[in-house]
Amino acid sequence: MDNMMITLPLLILFLPLVSFIILIFFGKKLPRQGDWVAVGSIVATFFFALYLFIQMILEYDPGVSHGASFSWIDLEAFKIDLGILVDNLTVIMLLIVTLVSSCTHIFSLKYMEGDIRYSRYFAYLGLFTFSMNGIVLADNLISMYMSWELVGVSSYLLIGHWFEKDSAADASKKAFLTNRVGDIGFFIGIMLLYTAVGSFAFDPIFDSIAGGDTITGLTLTLAGLGIFMGAVGKSSQFPLHIWLPDAMEGPTPVSALMHAATMVAAGVYMSVRLFPIFTPDALLIIAYTGGITAILAALIAITQNDIKKVLAYSTVSQLGYMILAVGTGVYTAAFFHLLTHAMFKANLFYCSGSVIHSMHHALHKVHDEKTDPQDMRNMGGFKEKMPVTYWSMLISTLAIAGVPLFSGFLSKDAILAGTLAFAQHHPEHFLLPLFGFGAAAITAFYMFRLIFMTFHGKPSMKDIFKDIHESPKEMTGPIVLLGTLSFFIFYTLPYFNPISDHGWFTDLVVPQTSAVPGSMTANEIAEHAHHAHYLAMGLSIAVATIGILLAFLMYVKNVISPKKLSDRFGFLYDWSLNKFYFDENYNRFLYQPFLKLSETVSWLDWDFYDKYFINGFGRITNLLSKLSGKFDYDGIDQGLVDGLGRISGVAGENLRKIQTGRLQNYLLYVVAGILVIIIIQAF
Amino acid sequence: MHSLDSYLFISSMLFCLGVFGVMTRRNAIAVLMGVELILNAANINFVAFSKFNGMNLDGHIFGLFVIVLAAAEAAVALAIIINIYNNLNSINVDDAAELRQ
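Here is what the cut-offs are and how they apply
Residues numbered from 1 in each chain as written. Chains lettered and ligands numbered in written order. Predicted model: local features only at pLDDT ≥ 70, side-chain atom pairs only at ≥ 80, totals over all residues. Helix = DSSP H or I, 4+ residues; strand = E, 2+ residues; numbered from the N terminus. Rg over C-alpha atoms; globule rule 2.2 N^0.38 Å. Buried ≥ 20, exposed ≤ 12 C-beta atoms within 10 Å, placed from the backbone. Contact = placed C-beta atoms within 7 Å. Nonpolar A, V, L, I, M, F, W, Y, C, P; charged D, E, K, R; others polar. Axes fitted to C-alpha atoms, helices over the stretch in contact; angles between N-to-C directions. Parallel < 35°, antiparallel > 145°, perpendicular 65-115°, else oblique. Left-handed = near helix turned anticlockwise from the far one by under 90°. Expected span 1.5 Å × (residues − 1). Core = buried A, V, L, I, M, F, W, Y, C linked by C-beta atoms within 7 Å. Pairing = 2+ DSSP bridges. pLDDT = per-residue confidence, 0-100.

### Concerning the overall build of chain A
Inference 1: Counting its regular elements, chain A contains 26 helices and two strands.
Inference 2: Relative to the compact-globule value of 26 Å for 683 residues, chain A shows a C-alpha radius of gyration of 36 Å, a clear excess of over 25%.
Inference 3: Considering only C-alpha atoms, chain A reaches an extent of 140 × 70 × 50 Å along its principal axes.
Inference 4: Every one of the 683 residues in chain A was classed for burial, and the buried ones make up 49%.

Here it is as structure tokens:
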């Protein structure tokens, strides 16, 4: 049994890598470009994960934890152990990743049909799944960081899948570079912890912090914030949220898998996993980051017309929720929201993919290349044409809006209760629940705006409306599956109470008290949240109703004209439509000055240093070489070496005259020689 | 009896005549005869030193060897001269200067 808990996760980890290697090298030669390799391996990992999950449910023990590690580098003073850690958190996360990944693979079979880089697309999906599983299974900061970067690379590759489009190429670069900013912080955090504790593994770090003698106070806060910066980048939090909406340039299934359900959740997962290291100060900053992100992204989402952009900003907003929950201490609620959000948000993306796919085909039929297939203003009335997509999307929308009976309600409620409880005990932080409830109302509003604009009302483009059709089975399959998983019942079993999050999840994932000495205990936090529960529930139902009602009045009944409102609040509308000018301001205050700095440095380097210093050296060397060359050629070669040759030449020229060929001459020389010798001997 | 000096005097005279002949004669046969004179000057020395220094018959035996070798040498030299004559139609040693530079 114990063995199984290690082997299966390892299989889950490495099968997608095998699929990646096979596809990247032999993908084009395989029948069907090898998509069956990718789908087969990922579905297998899903069943392994499902088996682990069932085992976990059967055991029903919150304290389960298995681990295995090996020594990767051992230099006496410097030691790195790599290993995997399997507990309930890991198993749930593995199930999410493999489930959404499987759905994405199956969905992509039709969505990406006929794509020029079909096999490479599936290869990259495999690479992504491998690295995501790597983050989930890591038991130390080093392997987490490695997988973290690998996830960044696969995100870069997949956003830029259609790199012929400039916007896609730019978006992939933007995503990668923005993530780098966060990753630098992550790395600094890791190093701070390592220098203090001397280990990369989680458990020694937690123990050491709990001991309170290696790393405390400001250093620990800074280390926690550094690590949290990684999450800010990866989970697209304010102020690094700018990359995620652009990342929608990638194929829609990729958006569903990475930029909605799993990869962006990695930051939340990491914060949850490392929750014990955050000091109260760090947590406060984390909470505000999450809160601001939640409300800001929701405000932007109101005015977006691109169906994927709305979903992108809603993802940013929901991730803000999760981070807010981590910050206020109810981090299991954050993970619970991660779980429910992964299901309904992936489904929303699949549904939008299905709509875009259909629009694309319809536009293609009438040879309309100019109309944007993602713009909601070109849709409307798709309800009858695409019933499966409509109903599934409606269910997921109800879930994200926080309507009772659906999954989102449970998790959102848990977060809002935690936030409210936090504010009740720290009244100076009243803004946090305000952010939370505000974002909840706005979320309900813009999500129903999306539904009404896409599926209700009259079709805005009549010439393509007749060609709109339901998507094929490969696409509706995942939609139905994930849509079903948006109901509350899957998360509250074995109980049936639709308004309480009490269920297998809360039984199996029990919050631990932070390792930082002096923190509130997990019990206290839970107690406070429990008291705030009913108030939070009432408020969240109320704000969700307000949001939905407003959307209904504006986009179905047309009682309130959206146009008049936007005219009235012109500058607010512009702010939201232009995403609060984040990109423009970053460009003006960060990128341009930086480019100027780079230009100055490049001038210094090229025009000054290179031209005068380096080239000067070159010129001096050149001169010296010429001198030494002259000495060598004219002096040594011409004088000494050639002189010796010339001397031999002249000598030979003269001596050859002795060689007369007359025998008697030679004899004369011999006799003369002998005479000379005799005379010398005589003296 | 005569003294050693008179023998040596005769042999050195003979040697000088031989060298002179070898160096001045153009005729190859004459040159060969000069060489014979030089060899015989040496023979006289062998025998004279043998006689006056009490060395039994060592010098005489050497003299006999030299005579035998001189005969062999004469045979080879004459063969060479005939070949030169066949090729150059002359036995003048100055004509046989093909190897001059």
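Back to the text.
### Description of the overall build of chain B
Inference 1: Summing up its helical and strand segments, chain B has three helices and zero strands in all.
Inference 2: Going from the N terminus to the C terminus, chain B shows its helices and strands as α-α-α.
Inference 3: Compactness check: chain B gives a C-alpha radius of gyration of 17 Å against a globular reference of 13 Å for 101 residues, more than 25% above the reference.
Inference 4: Seen through its C-alpha atoms, chain B measures out along the principal axes to roughly 50 × 25 × 25 Å.
Inference 5: Per-residue burial over chain B gives 13% buried out of 101 residues.

### A closer look at the interface of chain A and chain B
For an interface, size is often stated in terms of accessible area lost upon the parts coming together.
Inference 1: Between chain A and chain B, the contact holds ten residues from the first and nine residues from the second.
Inference 2: A per-class count over the side of chain A that touches chain B returns four nonpolar, four polar and two charged.

### Description of the packing of helix α11 (residues 265-273) of chain A against helix α14 (residues 331-365) of chain A
Residue and element names in this part refer to chain A.
Inference 1: It is at 9 Å that the axes of α11 and α14 come closest, and there the two elements cross at 155 degrees. Compared by their axis directions, α11 and α14 come out roughly antiparallel. α14 is crossed by α11, and the crossing has left-handed handedness. Residue-level inspection shows Ala265, Val268, Tyr269 and Val272 of α11 in contact with α14, the latter providing Tyr331, Ala334, Phe335, Leu338 and Ala342.
Inference 2: Class assignment for the residues of the contact of α11 with α14 results in nine nonpolar, no polar and no charged.

### Regarding helix α2 (residues 35-59) of chain A
Residue and element names in this part refer to chain A.
Inference 1: Here α2 spans 36 Å end to end across 25 residues, near enough to the 36 Å set by a 1.5 Å rise per residue.
Inference 2: Restricting attention to buried positions, one finds in α2 the residues Asp35, Val37, Ala38, Ser41, Ile42, Thr45, Phe46, Phe48, Ala49, Leu52 and Met56.
Inference 3: Looking at the buried residues of α2, the elements they touch are α1 (4-26), α3 (88-111), α4 (118-137) and α21 (504-508).
Inference 4: Just downstream of α2 lies Tyr60, where phi reads positive at about 50 degrees.

### Some words on the nonpolar core
Residue and element names in this part refer to chain A.
Inference 1: The biggest cluster of nonpolar side chains holds 208 residues, and the ones touching the most others in it are Ile96, Val268, Tyr269, Ala325, Ala334 and Ala346.
Inference 2: Take this core: its biggest share by element is 19 residues, from α14.
Inference 3: Setting aside residues no more than four positions away along its own chain, Ala325 makes contact with Val330, Tyr331, Ala333, Ala334, His337, Ile415 and Gly418.

### Looking at the pairing of strand β2 (residues 78-87) of chain A
Residues and elements named next belong to chain A.
Inference 1: Two elements, strand β1 (residues 65-75) and β2, share ten bridges in a ladder whose sense is antiparallel. Note that in β2 the partner of Asp74 across the bridge is Lys79.
Inference 2: Between β1 and β2, which pair antiparallel one after the other, the connecting turn spans two residues, and Glu76 there sits at a positive phi close to 60 degrees.

### Focus: the environment of Phe335(A)
All names here are of chain A.
Inference 1: One can find Phe335 in helix α14.
Inference 2: Phe335 sits in the buried class, given 26 other C-beta atoms within 10 Å.
Inference 3: Residues Phe335 and Gly618 lie 283 residues apart in sequence; the distance between their C-alpha atoms is 62 Å.

### A few points about helix α5 (residues 141-159) of chain A
In an α-helix there are 3.6 residues to a turn, and that puts residues three or four apart on one side.
Inference 1: Between its first and last C-alpha, α5(A) extends 26 Å over 19 residues, near the 27 Å set by a 1.5 Å rise per residue.
Inference 2: Burial within α5(A) is extensive, with 14 of its 19 residues counted as buried.

### What about the confidence of the model for chain B?
Inference 1: Overall, the prediction assigns chain B a mean pLDDT of 88, with 96% of residues at 70 or greater.
Inference 2: Among the prediction metrics, the complex's ipTM stands at 0.78, with pTM recorded as 0.75.

### A short note on the packing of α4(A) against α5(A)
Residue and element names in this part refer to chain A.
Inference 1: For the pair α4 and α5, interaxial distance at closest approach is 8 Å and the crossing angle is 155 degrees. In this view, α4 runs roughly antiparallel relative to α5, as classed from their interaxial angle. Relative to α5, the crossing made by α4 is left-handed. Residues Tyr124, Leu127, Phe128, Ser131, Met132, Gly134 and Ile135 of α4 touch α5, and the partners they reach there are Ser143, Met144, Ser147, Trp148, Leu150, Val151, Ser154, Leu157 and Leu158.
Inference 2: Partitioned by chemical class, the residues of the contact of α4 with α5 number eleven nonpolar, five polar and no charged.

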